[in-house]
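Here are the chains, one letter per residue:
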Amino acid sequence: MTPSDPTSSRFAPLPADAAKNPDKAELAVLAVWRERKVLAELEAARKDAPAFVFWEGPPTANGRPGIHHVVARTVKDTVCRYQSMLGKRVDRKAGWDTHGLPVELEVEKSLGISGKPQIEEYGVAAFNAKCRESVWTYRKEWEEMSERIGYWLDYEKPYVTYEDDYVESVWHVLNRFHEAGLVYQGQRVVPFCGRCGTGLSSHEIGQPGVYQDLLDPSVTVRFPLAQQSGAESESFLAWTTTPWTLPSNVALAVNPKVDYVRARTPLPVPKGEEKGSKGYEIVWLAKARLGAVLGENAEVLETVSGSELAGRAYAPVFEADIPEIEPGAWTPNNTNKWHIVLADYVTTEDGTGIVHQAPTYGADDWITAKENNLPVLRAVGPEGRFLVDVGGASKGDLFKDADEALMEDLKQRGLLFKKARENHSYPHCWRCNTALFYFATPAWYIRTTSYKDRMIAYNAKCNWVPPEVGQKRLGDWLENNIDWNISRDRYWGTPLPFWVCGDCGAERSVGSKAEMERLAGGLPEGFDNHRPLIDELVFDCECGSKMQRTKAVVDCWFDSGSMPYAQHHFPFGDGVERTKDQFPADFIAEGLDQTRGWFYTLLAVGAFMAEVEPELEKGVVYKNCAVNGLVLDKSGVKMSKSLGNIVNPWDAMKEHGIDAIRWYMLSSGAPWLPKRFDMGGVLEVRRRFLGTLQNSYRFFAEYARIDGFDPDSKENPATADRPEIDRWLVSRTETLVGDVRRAMDLFDLAGACRSIEGFVVDELSNWYIRRNRRRFWKGESGPDKMGAYASLHHALSQVALLMAPMAPFLSEILWERLCSNGSSVHLQPVPQRNSAWVDEQLESSMQLVVRVVEMGRALRERSGLRVRQPLKALHLRATEQESLDLLATGFASEQILDELNIKAWGSLATDDGQLCQLKAKANFKTLGKRLGKQMKKAAAAIASFTQEQVAICRAGGEVPVELDGATVFIGAQDVIVSVEASTDMDVESDGQIIVFLDTELDDALISEGLAREVVSRVNSLRKEAGLAVEQRIALRVAGGSELLRRALTEHDALISEETLTTDYAVGETALEGCEWTEVELSPEHDLKLCLAPR
RNA sequence: GGGCCUGUAGCUCAGUUGGUUAGAGCGUCCGCCUGAUAAGCGGGAGGUCCUGGGUUCAAAUCCCCGCAGGCCCA
């Protein structure tokens, strides 16, 4: 990114845009990366390095990228960049999830068609061609967004799930499952979308937004007994929220262990009329539901257990010729129809305790039907529409739309006992939002339950961040694993490579295109591993008949779950070698919503594949998985188009740049928690952290350029030879390196950010630079100055390296200027902590300094004595001699006294019995374990220790204490000593240290204070006059008071030096051509001054 | 209905294996600075650690019943 001379950009000013318009500055960096092909350069540099295997979870190329996609990508990119800097080879293969319903729906929309019949009419070949095209429109937006946010991915060679090679690998995987006998064809009741004409897998049902509240009918229906016993009609009461399933009723189920009653209850009467005036009826229902359903007007005639009810017959509620289907798994017996059957799942929590059975529309019903050899009626077909006219519903009606008509029909015929509406959570299609219905449909399954334990074992090997997602959330899901329905009766997807013989039912699975070609005796022109041409391939069956391919395509989650193999075209060509190198993954990261999605499918496929492919390492599929939370708006509401609270990433970047956004996302709270995205928070990052860092660099660079500082010069003093303050900064820098590496190694990105930010803002900028400014701009070049440059340069450079994974742009801008080695920051190694430079004593000494300074500032604030006014002395009391020793060093003294503008230490003592006294408090941590229940008494005894007793403890002696007749010896370990002021002077204390000021002012101090006041005023005027910082001036000053005149004379050197005055005089003669400026230094002291450049 | 997560200052969040003055940033109030800063610095005020039980000498922290929110599953 540098021109030919690497030193030409050394300490160059930051681009003008860096602070004001980070977007623009970052775009410039991007241009350089692109031009110099930095990613390729990095890949080349790490070509032979050990791999850190990262798998990119393929985004569905069907939606536009939003700010929530930025979160996961930031996490992924940060970890990958860090690993690269650790010297690892990180392949960043991009991937695209291109198959599936979302794509089909998008195309249907664009073609203005809807549903399977219209797709067939349009032509599957043309339709799939459209699908293939459609994914690319969004791909470009994704690529642009990814590039802009600095997400380094290899877009040149991405894996694309629809490409022939990818599909072929998926076939290989499916074939392996089939070979292992884990694939079976079944008929299962699944949530079904009539609109999309396909069943939904359990993880599709797991998509957000599937369950929505719906107001459904809640009806109780009379099923009249087949044999009526008396004058009063008798019926079973059954409850349902799906009236549309009633025409398909084949049985009623009761729980064998529940008691049921035969009850006499008045027929409903118009309002005002007496109950029973219309006569009575007899109904059956669970005893436990009596009150809820019949109220108090019921007379129980008989109570029997559910098991006794079995086999009783009733009359169907709809008389119509309902189509019947062949269940396959059993042989239906028509005489079993319309009887009471037993089922354990029936509860008395709601309804009547009698459940209407329509096997094709309920999973439980299906099982019950199988157990009782019931026939299967199907009034509603796979498109969710009625197949016949029945009870007010017409052929072609959408299932839910028929509810009203059916209920009305039942009402007319006196079969509707009660009708209400109920709000309940109901599943909807995750993409087209149509209400689903349960429907028995033929499907292909993988028997994942057969290797459930292995999936659990593999999962246990993964380091989950945070752990509970893997151990509990995914762990529970695995414990309750059910077989994976992998087939979809759709068009745009990997075709299932399974051929079935129409006659003998034999199955044949195919694992490669070549095998397919061989079996079919050639492939048609334009064959592309997709429907519809593959459907034309017909194989000979051993029985002499022909085998046809099953029409289904595979669940697109199977595509993404096969990504570890298919991305390298395993096991074809060099795919084995490449897959071996990239399996298992060291790291994946996606949103929490992928728990039952990609995280699961990778495991479901991987825990099988690793065992059957000898080339692959067994035991684990992915070793580390970092989970990130959902992105909410700033009030914690989920972002949605309808609420209009979506944050467009491009807008956000234009405003603040991506580094600020990345840093904000990484550092604000734990990544796996839902994240409230607040632009105010981004602005804060920009101002507080990125801004401070840039200012720090500006400061350094401005003076380093002037002085021609060369970081590589042998003349620079070695770290050990620099003053303490420099060694402190270097020591803190090295400690930071250790902290950040530790955090990063644990995937604690937020912790790493916090450490860096704290260091930059508090220590590097607000302490080191502020306290050492004048070393940079005063005096001649020399070892002291060069030591300061070297220390600050080191700190800034290390920060640029440490923050590079998180803030790739600003770090690059800084690195280019700080180190100028002609190479990107992202190609550098992560710094190693140099323990030789770590001085823990110096660091803790500085901690004490900061504490004392804070207390001193608080005292000054209260006393109203501004820091410009020097004070005579600072007194201090501490509990620990050790603290005093640390504070009394020249280094600490200088820092404190200079920072607080105090002439000298006053008294410094551990205690003197006059101004303060020692107090002891029990050390609960040590004593608690030893004393247990006596702790409270001991604490009280210790709190009342005398000065002498405390002193004994502190000196290492032991004080005997009587506790419940026993003597306990309290030693130094057992007490926490504090100091407490016993004076009416104003003091500040943190319990361990007491600070107080000698605020008495004499003329000398006041004079110096005034002189400093003058300096401040003169410098303000310099700035007002727009003088350059190094501009020398002539200065004339005249004081109104005697004390001020004395200050002007006495401190002429100070004033001259601090204001860069080369021609200084006190007197009433103004400079030629200059006007006097009058200033009020304080109510008693007025100053006249004039200045001019020299 | 079940599982997981979260609840700490006005806001956004830290808070180690339980240990006695619960922290930071922002905001607010007060003040300061002007030779890195389209800025910055300092000092105050501000808390029922969601409620209620329990375990313990000791609970923001561990356990239980709730409440509220989120995610996932039914």
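Residues numbered from 1 in each chain as written. Chains lettered and ligands numbered in written order. Predicted model: local features only at pLDDT ≥ 70, side-chain atom pairs only at ≥ 80, totals over all residues. Heavy atoms only, no water.

Let's talk about the packing of helix α5 (residues 101–111) against helix α7 (residues 124–148)
What counts, and what does not: Simply put, an axis is a line fit to the C-alpha atoms, just over the touching stretch for a helix, and the angle between two N-to-C directions goes from 0 to 180 degrees. Think of it this way: any DSSP run of H or I at least four residues long counts as a helix, any run of E at least two long counts as a strand, and we number them from the N terminus. Geometric relationships in this document are graded by angle, where less than 35 degrees denotes roughly parallel, more than 145 denotes roughly antiparallel, 65 to 115 denotes roughly perpendicular, and other angles denote oblique. The contact criterion used throughout is that any non-hydrogen atoms of two residues lie within 4.5 Å. Under the grouping applied here, Gly and all other residues not named as nonpolar or charged are polar, the nonpolar ones being Ala, Val, Leu, Ile, Met, Phe, Trp, Tyr, Cys and Pro and the charged ones Asp, Glu, Lys and Arg.
Orientation of α5 relative to α7, taken along the N-to-C sense of each, is 105°, at an axis distance of 9 Å. By the angle class used here, α5 and α7 are roughly perpendicular. Note on element contacts: α7 touches α5 through F127, K130, C131, S134, V135 and Y138, opposite V103, E104, E106, V107, E108 and L111. Of the residues that constitute the contact of α5 with α7, the class distribution is seven nonpolar, one polar and four charged.

Section: helix α13 (residues 403–412)
Note the cut-off: Only protein chains enter the calculation, and the probe is 1.4 Å; a residue is then buried if its accessible area is under 20% of its type maximum, exposed if over 50%, and partly exposed in between. For this quantity, the arc is that covered by the directions from the helix axis to the C-beta atoms.
Taken together, the buried positions of α13 are D403, L406, M407, D409 and L410. Buried residues in α13, looked at end-on, bunch into an arc of 160°, giving them a common side. Opposite the packed face of α13, turned more than 90 degrees from it, sit the exposed residues K411 and Q412. Just downstream of α13, G414 is the residue with a positive phi angle, here 70°.

Describing the sheet that holds strand β23 (residues 546–549)
Under the convention used in this document: Pairing between strands is defined by DSSP: at least two bridges between them are needed.
Here four strands make up an open sheet; going across it, the order is β21-β20-β23-β22 and the pairing antiparallel. At either margin of the open sheet sits one strand with a lone partner, and together these are β21 (507–509) and β22 (539–540). Relative to β21, strand β20 (residues 498–501) runs antiparallel, the two being bridged by three bridges. Bridged to W499 within β21 is R508.

Examining the state of the cysteines
Selection rule: When two cysteine sulfur atoms are found within 2.5 Å, that pair is recorded as a disulfide.
A full pass over the atoms with the stated rule returns zero disulfides. Free cysteine: C625, not disulfide-bonded; nearest cysteine sulfur from C462 at 5.4 Å. Residue classification places C625 among the buried positions, given a relative accessible area of 1%. Left unpaired, C1090 is separated from the closest cysteine sulfur, that of C1074, by 4.9 Å.

A look at the sheet that holds strand β30 (residues 902–909)
Strands sit in the order β30-β29-β36-β35 across an open sheet of four strands; the sheet is mixed. Here the strands that pair on one side only, and so sit at the sheet edges, are β30 and β35 (987–989). Mean inter-strand twist for the sheet, computed between neighbouring axes without regard to direction, equals 20°. Summarising the sheet, β35 and strand β36 (residues 993–998) pair through three bridges and their orientation is antiparallel.

Overview of the domain arrangement of chain A
Interfaces are often sized by the accessible area lost when the parts come together. Stated precisely, the cut-off is as follows: An automatic or database domain assignment supplies the start and end points of every domain.
Taken as a whole, chain A is organised into domain 1 (213–427), domain 2 (658–838), domain 3 (846–913), domain 4 (916–981) and domain 5 (1003–1093). If you average the C-alpha positions of domain 1 and of domain 4, the two centres end up 78 Å apart.

Things to note about the pattern of salt bridges
What counts is decided by this rule: Salt bridge, as used here, is a side-chain nitrogen of Lys or Arg placed within 4 Å of a carboxyl oxygen of Asp or Glu.
Under the counting rule described, the total for this entry stands at 65 salt bridges. The closest approach of N and O atoms between R578 and D574, which form a salt bridge, is 3.3 Å. A residue is classified by how much of its surface remains accessible, and R578, at 34% relative accessible area, is partly exposed. Among the ionic pairs, R732 bridges to E843, the shortest N-O distance being 2.9 Å. Here the residue R732 occupies a position in helix α24 (residues 724–745), and E843 occupies one in helix α28 (residues 840–863), the gap between them amounting to 111 residues. Each member of the pair R732 and E843 is classed as buried. Each of the salt bridges in this network shares a partner with another, and the network as a whole consists of R770, R771, R857, D898 and E899.

Concerning unusual backbone geometry
With an omega dihedral of 5°, the bond running from R531 to P532 counts as a cis peptide bond. Positionally, P532 belongs in the loop between α16 (513–520) and β22. Here the residue pair F570 and P571 is connected by a cis peptide bond, since its omega of -5° sits within 30 degrees of zero. Assignment of secondary structure puts P571 in the loop between α18 (563–566) and α19 (575–581). Of note, W338 is a non-glycine position whose phi angle comes to about 60°, a positive value. Assignment of secondary structure puts W338 in the loop between β11 (324–325) and β12 (339–342). In this structure W338 comes out as partly exposed when scored by relative accessible area, which is 25%. Phi is positive for F747, which is not a glycine, with a value near 60°. Considering the arrangement of structural elements, one finds F747 in the loop between α24 and α25 (749–777).

Looking at the environment of L632
You can see L632 is positioned in strand β27 (residues 631–632). Linking L632 and V621, residues 11 residues apart in sequence, is a C-alpha distance of 31 Å.

Observations concerning the pairing of strand β1 (residues 93–96)
Covered by surrounding structure in β1 are K93 and G95 together with A94 and W96, the residues of both alternating faces. Both β1 and strand β2 (residues 154–160) contribute to a ladder of three bridges, which runs parallel. Residue pairing in the sheet places G95 in a bridge with Y159 of β2.

A short note on the side chain of K93
Keep this limit in mind: Counted as positive: Lys and Arg. Counted as negative: Asp and Glu. His and the chain ends are not counted at all. What qualifies as a polar contact is a pair of N or O atoms within 3.5 Å, subject to a donor-acceptor requirement within protein and to the restriction that residues adjacent in sequence count only when both atoms come from side chains.
Along the polypeptide, K93 turns up in strand β1. For K93, which is buried and forms no salt bridge, the nearest opposite charge comes from D154, at a distance of 6.3 Å. Side-chain polar atoms of K93 contact the backbone oxygen of K157, separated by 2.8 Å. Residues contacting K93, with those up to four places away along its chain left out, are E56, L153, D154, K157, P158, Y159, Q567 and H568.

What to know about the environment of K88
Along the chain, the position of K88 falls in the loop between α4 (67–85) and β1. For K88, a relative accessible area of 27% gives the class partly exposed. K88 sits 461 residues away from R549 along the chain, and the two C-alpha atoms are 45 Å apart. Setting aside residues no more than four positions away along its own chain, K88 makes contact with R46, A49, P50, A51, F52 and Q83.

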